[in-house]
Each structure stands twice: as C-alpha cells, then as structure tokens.
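# Observations on the three-dimensional arrangement
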Amino acid sequence: MNPIEHIASRATQLGEGMIVHRALPTRQRRMVGAWCFLDHAGPVNFAEGDAMRVGAHPHTGLQTFTWLIEGEILHRDSLGNEQIIRPGEVNLMTAGHGIVHTEDSVPGKRLQAAQLWIALPSTAAECPPSFEHFPDLPTWEQDACHWTLLAGSYGDKTAPAAFHSPLVGMDIRSLQKTMITLRLSPGFEYGILPMEGECHIGQEKFITDEFAYLGTNLSQVTLVLESGSRILLLGGEPFEQPITMWWNFVGFSKEYIAQAQKDWENNTPRFGAVKDAESRRLTAPKLPWTT
Ligand code: MN
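None of the values given here were measured: they were computed from a predicted structure. (Residues numbered from 1 in each chain as written. Predicted model: local features only at pLDDT ≥ 70, side-chain atom pairs only at ≥ 80, totals over all residues. Heavy atoms only, no water.)

## Let's talk about the overall build of the protein chain
Of regular secondary structure, the protein chain possesses one helix and 26 strands. Considering only C-alpha atoms, the protein chain reaches an extent of 55 × 45 × 35 Å along its principal axes. Burial statistics for the protein chain: of 291 residues in total, 54% are counted as buried. Taking the intrachain contacts of the protein chain between residues at least 6 apart in sequence as the baseline, contacts between residues at least 24 apart amount to 71%. For the protein chain, the exposed area adds up to about 12500 Å²; of that, 49% sits on carbon and sulfur atoms. Computed over 23 positive and 33 negative side-chain charges, the separation of the two mean positions in the protein chain equals 4 Å. (Helix = DSSP H or I, 4+ residues; strand = E, 2+ residues; numbered from the N terminus. Buried < 20%, exposed > 50% of the residue type's maximum accessible area, 1.4 Å probe, protein only. Contact = heavy atoms within 4.5 Å. Areas by Shrake-Rupley, 256 points an atom, 1.4 Å probe, with all protein chains shown as cover. Lys, Arg positive; Asp, Glu negative; His and termini not counted. Charge placed at Lys NZ, Arg CZ, Asp CG, Glu CD.)

## Details of the coordination of the manganese ion
The manganese ion binds to the protein through H57 (NE2), H59 (NE2) and H101 (NE2), with metal-donor distances spanning 2.1 Å. Along the chain, the residues that donate to the manganese ion are spaced as H-x1-H-x41-H. In terms of burial, H57 and H59 fall into one category: buried. (Donors = N, O, S within 2.8 Å, 3.2 Å for Na, K, Ca; no water.)

## Section: the sheet that holds strand β6 (residues 62-70)
Read from one edge to the other, the open sheet built from seven strands follows the order β2-β3-β4-β11-β6-β9-β12, with strand pairing classed as antiparallel. Both edges of this open sheet fall to β2 (10-14) and β12 (130-134), since each of them pairs with a single strand only. Strand-to-strand twist of the sheet, defined as the mean angle between neighbouring strand axes without regard to direction, takes the value 20 degrees. For strand β4 (residues 35-45) and strand β11 (residues 110-119), the ladder comprises eight bridges, and the chain directions are antiparallel. Its bridge partner being in β11, N45 is matched across the sheet by R110. (Pairing = 2+ DSSP bridges. Axes fitted to C-alpha atoms, helices over the stretch in contact; angles between N-to-C directions.)

## Topic: helix α1 (residues 254-265)
Given a rise of 1.5 Å per residue, 12 residues ought to cover 16 Å, and the 16 Å separating the end C-alpha atoms of α1 matches this to within 8%. Contacts made by the buried residues of α1 are with β5 (53-59), β10 (99-105), β25 (244-246) and β26 (249-251). Within two residues after α1, N267 carries a phi angle of roughly 55 degrees, on the positive side. (Expected span 1.5 Å × (residues − 1).)

## Some remarks on the nonpolar core
Ranked by size, the top nonpolar core spans 40 residues in total, and within it W35, L38, F65 and W67 carry the most contacts. The element that contributes the greatest number of residues to this core is β11, accounting for five residues. Not counting chain neighbours up to four residues away, the residues in contact with F65 comprise W35, V90, N91, L92, A114, Q115, L116, I118, L150, A151 and F163. Core analysis: the second largest hydrophobic core is formed by 27 residues, I172, L182, L184 and Y190 among them. (Core = buried A, V, L, I, M, F, W, Y, C linked by side-chain atoms within 4.5 Å.)

Structure representation (structure tokens):
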C-alpha cells in the first residue's frame, strides 16, 4: 500500500463568526478527484442569538455540496431557491457560469456540516446554474457502523445526485469500536477525514480533522474506528486539468477568475441577486496577482 499522507486541516474563520477546519485545499494537497474544497464546520453549540451567517457571495466553475450532520441551514440563491437542509440531507448547487447564495444556520442551535466543492470539468464549467436538494440518501448498518452514501456508487448502491466527473463520497459513523474494510476503485484516488473521534488506517492513527490522503491503485482499505467516530470518505478519478481557485471562484485561467471578480464587483447580471440580501453582499478580497 502507498504511504498514507497526514495532512493537518487549517482552522479558518467563516462568514461572520464561526471557525471551520479546512482539509482541502492545503499546501500538501489541492484536490481528491474533482473534490477541491472541504470545510468541516463544527460541531459547535451556538449561544443564544449566534449562528453561522454567510452573506451573499458568488460562485463559478464548481458545484457546492453540503452534507448536514447536526442543526439546520437555510440556503437561498439567485435562482429563487429557498431550501432548509436538515441532518442526513445533501444540497447540491451547480454554479456553472455564475450564481449567488446565502447560508444561515438556526440561531442558538448546535451545528455540524461538511461543505465541499466539486470542480466542474471544462466541458461543463460554463453550464447554466442550478440547485438540487436530496433528502433521501442510501443508508445501511454494517460492521457496527451506520453508513450513508452521499455521492456516487458503492457496491450495489447509488446516491441520487449526478456529477460531471466520476467520484464517491461516504459518511461512516461507528456505534462501537470496530474494524471495517472499504472496497475501493483502483482508478480513483481517496482521502479520509475523521470528523469525530479517531480512525486507524494500518499502523497510522488519524485524529479528528486530520486528513488522510490514501492515493490511487487501491482495491480496499481496512480501518479501525474508535466507538462514536465519524469519517468522511472522498474519492474520484484524478482531475487532470489544472484549475485556478480564488475566493469563491473556480476557473481554468487567471483571466477567467479576474473577469468573474470584476463582474461581481460591478454587480453585472451574470450573478443575479438573492432576494432581500443586497445589504449582505460580501466583498471579494483583492486578487493575489496583478492584472
Ligand atoms: Mn458558497
């Protein structure tokens, strides 16, 4: 088996006052398959009146993928969608050419979620924006764990969301200390993030929010999970085309990103607006290169 990389996630401020652990991208690893961003939000117990509040911000060239573990988040976007996401559900927003959204959790409530981005291949990067909500995912009990298939296929099960690149995502929660073997596709690369508790992979131990990059050419991996642990498995075909990521934009050139930023700053019709959220429009940071 390949040596497993230990990648520490970075604690980062999100929106108006919440710390998240960012496992992708990091200096060591930019992507796992088409998965190009992974924030583990919480678990956090918000005080009375406090919440995760992310104001109106644009996206391009990606799909946002939200997996809700605890609490509730209200998604609103420039297509007019308003959707509350609850535990066990997935939201998939395809930004394509451009979209804007806000995300707000319920004040005073506990929250835990994984917020992921999936890079769109060049053939789909400029597609029209869309939004889908998936309340029913394949779940099952096996080897003293509760399994939820979030994306792609595993064994005879297939999650409902459609993607533009071959990928998989799975949440596994142990009910007691247990050993499990995951069946993997040799053509995929894989990463595992323990979101609660800890996970042993071979001789290696990974603690909460420490990302394990497994690499490619694996047909299985055996894990030992401590009681009450939760892991997120991500996998996909290595994404061949180099992407540029800046702020909330994904594209295939700096020029593309600079144009998207200009369109956002000039409030052009490209992105539209979230109803009643103009006062909560986020300002893009200055581009890190000169144009
Ligand atoms: Mn967003």
